[in-house]
Amino acid sequence: MVSLRVSLSLLVATAVLLVAAQDSTEKDWWETTVFYQIYPRSFYDTDSDGVGDIKGITRKLQHLKDSGFEATWLSPIFQSPQEDFGYDVSDFITVDPLFGTNSDLEELFTEAKTMGIKIILDFVPNHSSNQHEWFILSENRTDPYTDYYVWNEGKLVNGTRSPPNNWQSVFYGSAWQWSEIRQQYYLHQFAVGQPDLNFRNEAVIKEFDEILLYWMRKGASGFRIDAINHMFEVEDLVDEPINDPSDPYSYGYTHHIYTKDRPETYEVIARWRKLIDDYVQESGSETIIMMTEAYANLTMTMKFYESDDGTQQRAHFPFNFAMIEDLGSDSKASDFKYYIDRFLENMPRGKITNWVLGNHDKPRIASNYGRERIDGMALILMTLPGVAVVYNGEEIGMEDYRDMSYEDSKDPQGCNLGPTDYKWASRDPQRTPYHWDDTYNAGFSNSSSTWLPMHPYYRQTNLLKQKESDYSTYHFYVDCMQLRKERILTHGEFHSRAFNDDVFAFVRFLRQNENRQLDPYYITVVNFRGDTHTVDVTDLYSFAGENTTVRLVGTDSRHKVGDTVNTAELRLGPYEAIVVGVGVSAAVGVHLSVGLLAIAIVKYLFL
């Protein structure tokens, strides 16, 4: 009897331990959050000049709070002649009057903090404006600024001067511009008004050290570092190998092996990471993050996390553009599995991934993937492990205004190509003002005209209309963000499967039980096409029983939340997006029942 009692006591102990075996690992604030990217020019205008401003962001913080966003990244708001709409900075520590004042920004920091929202600033170190004091002094060879930028005499052949090499600007044409004042060329990998800084000059790096410190002291919770892989070029300025000879002025003319992804870049990122971490430790503040933007291959992207030996920490995470660059409306389920699995499998151990579907430089979800796939793509974004990034307007399904006229266009990337070729190169279509309601200018501005024209369909697609409907893209986003707060999605493991060309699915699960069939799990299933499919999702995981519960559905789903479905025969309608599974509370309930039964047995035997 004693032996039996001991065995049953161990059974009780095991049951109790299993019930309590929640993953005790806590994650930092940024590791599971959803970052909401705000393009300030197009968010909300409070002074009726047709351009959004900082006070507009402050006034609309409640929208972020109500929607579930806990952090927002602001595209550039610093002093600038606006040749590239703020990415040509003329003063890195002063807010441009177009957007307001430094006091307005500090008020935004304060108000956001009271609402539990973090503010991330855009940080643009690769170049400045040619109206920055540094450039003016450098152009006049005034020390210590003489070598703050990349200068060169160029080539002189038969009395004719030309640029030093065949490098081309991202914005079309030569990457070199002649200065009559200095009698040299300066490098500009982007617009003519954006001269590249010389990061081989230690003084330049120190300038940006101080800029980071300045904004951290003011209240910034992090920095998104723009175009970071353009920071260094080879010192001998040799020609790059030809890629596409059809247009010598196009950025695709050469392979950019000497102007991008240089190893020195990672050393500067490591320096700034240490600077940020040291500030956090000394000030006792919450974690301040650094995220890097680089359209680079997987190997180069992974290097932004840490050094190869893991001893040097770099960015908290580099932006993952796989679902923007590598995937689209024609992609098969196997393509999604390949690119998602590849990123997760190649990350350094212990690091956090992120997912982004659109931004101010790339087409919106509805325009890239099609309106019928908005739900499916949003669901994938919100239920994958790691950080999610949402561009303002995606939560209501805004589309690009690709039919904007050349006369209304502002973006140099498109305008430089002329009225025939501007349309598909321009970034203006995804930057049009936010649709708050169906009133004049979509509630964005009282101005007689806005900096970019409103999308003509704003009366059909706007926040107010979607809030008032029974269920909408907006409601779906809110539900997605609420679900992703559950521990299965913040801490759960991941396994994916392409069932056929059309249906992609993945399971998130927690290892909590000795009997793995009783683990809590959620399965995300998305049908990318217009055909109906029936799939057996038990292939993803071993479940206890055939039936499971619907947890979340898209706006046009044939299922309802709370429905019971058969995991072996899950039927999906056209373009359907759905989450099914057993939550933590249900899984714990099963084990509590087991534990209570064991306790009752032992109690009976010992009495």
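The shown structure was predicted, so the numbers you read here are calculated from the model rather than taken from an experiment.

A.B. asks: Outline the overall build of the protein, supporting the account with residue identities and numerical values.
C.D. replies: The helix and strand tally for the protein stands at 18 helices and 23 strands. Relative to the globule expectation of 25 Å for 607 residues, the C-alpha radius of gyration of the protein, 27 Å, shows essentially globular dimensions. In terms of its C-alpha atoms, the protein occupies a principal-axis envelope of roughly 105 × 50 × 50 Å. Relative to its 607 residues, the protein shows a buried fraction of 58%. Pairs at least 24 apart in sequence give 70% of the contacts found in the protein among residues at least 6 apart. Surface accessibility of the protein: about 24,800 Å² in total, with carbon and sulfur atoms responsible for 48%.

A.B. asks: A description of the sheet that holds strand 17 (residues 503–509) should follow, citing residues and the corresponding values.
C.D. replies: Hydrogen bonds between backbone groups are what pair the strands of a sheet, and the pairing can be parallel or antiparallel. One open sheet accounts for six strands, arranged 16-17-18-23-20-21; its pairing is antiparallel. Looking at the sheet topology across the chains shown, the edges are occupied by strand 16 (493–498) and strand 21 (564–566). Between one strand and the next, the sheet's axes are offset by a mean angle of 30°, whatever the strand orientation. Where strand 17 meets strand 18 (residues 521–527), seven bridges bridge the pair, whose relative direction is antiparallel. Paired with Phe 509 across the strands is Tyr 521, a residue of strand 18. Seen against the sheet, helix 16 (residues 473–483) touches strand 18, strand 20 (547–553) and strand 23 (577–582) and runs at an angle of roughly 125° to strand 20.

A.B. asks: Tell me what's going on with the packing of helix 6 (residues 202–218) against helix 7 (residues 264–283), and back it up with residues and numbers.
C.D. replies: Where helix 6 meets helix 7, the closest approach of the two axes is 11 Å, and the angle between their N-to-C directions is 35°. For the element pair helix 6 and helix 7, the recorded crossing hand is right-handed. The segment helix 6 lies against helix 7, with Glu 202, Ile 205, Lys 206, Phe 208, Asp 209, Leu 212, Leu 213, Met 216 and Arg 217 engaging Val 268, Arg 271, Trp 272, Leu 275, Ile 276 and Tyr 279. Among the residues making up the contact of helix 6 with helix 7, the classes are represented as 10 nonpolar, no polar and five charged.

A.B. asks: How would you sum up the pattern of salt bridges? Please name residues and give values.
C.D. replies: According to the stated counting rule, one finds 26 salt bridges in the structure shown. Here Asp 411 and Arg 427 are joined by a salt bridge, their closest N and O atoms 2.7 Å apart. Taken together, the positions of Asp 411 in the loop between strand 15 (387–391) and helix 13 (412–415) and Arg 427 in the loop between helix 14 (418–425) and helix 15 (463–468) put the pair 16 residues apart, joining distant regions of the chain. In this pair, the class of Asp 411 matches that of Arg 427, namely buried. Connected through salt bridges with shared partners, the residues Asp 84, Asp 361, Asp 411, Arg 427 and Arg 431 form a single ionic network.

A.B. asks: Residue-level account of the sheet that holds strand 12 (residues 289–292), with values.
C.D. replies: Sheet architecture is open: eight strands sit in the order 13-12-11-5-2-1-15-14, paired in parallel fashion. The two strands at the open ends of the sheet, each matched to only one other strand, are strand 13 (317–318) and strand 14 (354–356). For strand 12 and strand 13, the ladder comprises two bridges, and the chain directions are parallel. Across the sheet, Thr 292 pairs through a bridge with Pro 318, a residue of strand 13.

A.B. asks: So, the environment of Thr 46: which residues are in play, and what are the values?
C.D. replies: Its location among the elements puts Thr 46 in the loop between strand 1 (34–38) and helix 2 (54–59). For Thr 46, a relative accessible area of 24% translates into the label partly exposed. Along the backbone, Thr 46 and Leu 489 are 443 residues apart, and their C-alpha atoms lie at a distance of 38 Å. In terms of polar contacts, Thr 46 uses its side chain to reach the side chain of Asp 53, at 2.9 Å.

A.B. asks: Report on the pairing of strand 15, specifying residues and quantitative values.
C.D. replies: Where burial is concerned, most of strand 15 is hidden: five out of the five residues are buried. Along strand 15, one buried face is formed by Val 387, Val 389 and Tyr 391 and the opposite face, lined by Ala 388 and Val 390, is buried too. Bridge count between strand 1 and strand 15: four bridges; the pairing is parallel. Each bridged residue has a counterpart across the sheet, and for Phe 35 the counterpart in strand 15 is Val 389. Judged from the three bridges that link them, strand 14 and strand 15 form a sheet pairing that is parallel. Note that in strand 15 the partner of Trp 355 across the bridge is Ala 388.

A.B. asks: Residues and numbers for the nonpolar core, please.
C.D. replies: The biggest cluster of nonpolar side chains holds 141 residues, and the ones touching the most others in it are Phe 35, Leu 121, Phe 208, Phe 223, Trp 272, Met 323 and Ile 380. The residues contacting Phe 35, other than those within four sequence positions of it, are Trp 29, Trp 30, Ala 71, Ile 120, Ile 289, Met 291, Phe 317, Val 387, Ala 388, Val 389 and Val 390. Counting 20 residues, the second largest nonpolar core, distinct from the first, contains Ile 523, Val 537, Val 550 and Ile 578.

A.B. asks: Any chance you could break down the packing of aromatic side chains for me, citing the residues and the numbers?
C.D. replies: Tallied over the entire structure, the rule returns 48 aromatic pairs. Ring geometry for Phe 199 versus Trp 272: centroids 6.2 Å apart, planes at 80°, classification edge-to-face. Of this pair, Phe 199 sits in the loop between strand 10 (184–187) and helix 6 while Trp 272 sits in helix 7, and the two are 73 residues apart along the sequence. For the pair Phe 199 and Trp 272, a shared accessibility class is recorded, and that class is buried. What links up through ring pairs into an aromatic cluster is the set Phe 92, Phe 123, Trp 134, Tyr 145, Tyr 148, Phe 199, Phe 208, Phe 223, Phe 232 and Trp 272. We note Arg 41 situated over the ring of Trp 451; from NZ or CZ to the ring centre the distance is 4.6 Å.

A.B. asks: Give me helix 12 (residues 374–383): which residues, what numbers.
C.D. replies: Because each turn of an α-helix spans 3.6 residues, side chains separated by three or four positions end up pointing in the same direction. Extensive coverage of helix 12 is indicated by the burial of 10 of its 10 residues. By the burial criterion, the buried members of helix 12 are Ile 374, Asp 375, Gly 376, Met 377, Ala 378, Leu 379, Ile 380, Leu 381, Met 382 and Thr 383.

A.B. asks: Kindly report on the side chain of Asp 519, identifying the contributing residues and their values.
C.D. replies: Along the polypeptide, Asp 519 turns up in the loop between strand 17 and strand 18. In terms of polar contacts, Asp 519 uses its side chain to reach the backbone amide nitrogen of Asn 513, at 2.9 Å. At 3.0 Å, the side chain of Asp 519 and the side chain of Tyr 541 are in polar contact.

A.B. asks: Give a detailed account of the packing of helix 12 against helix 16, specifying residues and quantitative values.
C.D. replies: For the pair helix 12 and helix 16, the least separation of the axes is 10 Å and the interaxial angle reads 20°. As summarised for this structure, helix 12 and helix 16 are arranged roughly parallel, according to the angle between their axes. The interaxial crossing formed by helix 12 with helix 16 has right-handed handedness. Along the contact surface, helix 12 presents Ile 374, Asp 375, Ala 378, Leu 379 and Met 382, while helix 16 presents Thr 473, Phe 476, Tyr 477, Cys 480 and Met 481. In terms of residue class, the contact of helix 12 with helix 16 is made up of eight nonpolar, one polar and one charged.

What counts and how
Residues numbered from 1 in each chain as written. Predicted model: local features only at pLDDT ≥ 70, side-chain atom pairs only at ≥ 80, totals over all residues. Heavy atoms only, no water. Helix = DSSP H or I, 4+ residues; strand = E, 2+ residues; numbered from the N terminus. Rg over C-alpha atoms; globule rule 2.2 N^0.38 Å. Buried < 20%, exposed > 50% of the residue type's maximum accessible area, 1.4 Å probe, protein only. Contact = heavy atoms within 4.5 Å. Areas by Shrake-Rupley, 256 points an atom, 1.4 Å probe, with all protein chains shown as cover. Pairing = 2+ DSSP bridges. Axes fitted to C-alpha atoms, helices over the stretch in contact; angles between N-to-C directions. Left-handed = near helix turned anticlockwise from the far one by under 90°. Nonpolar A, V, L, I, M, F, W, Y, C, P; charged D, E, K, R; others polar. Salt bridge = Lys/Arg side-chain N within 4 Å of Asp/Glu carboxyl O. Polar contact = N/O pair within 3.5 Å; in protein donor to acceptor, adjacent residues only side chain to side chain. Core = buried A, V, L, I, M, F, W, Y, C linked by side-chain atoms within 4.5 Å. Phe/Tyr/Trp six-rings, centres within 6.5 Å; stacked < 30°, edge-to-face > 60°. Lys NZ or Arg CZ within 6 Å of the ring centre and 35° of its normal. Parallel < 35°, antiparallel > 145°, perpendicular 65-115°, else oblique.

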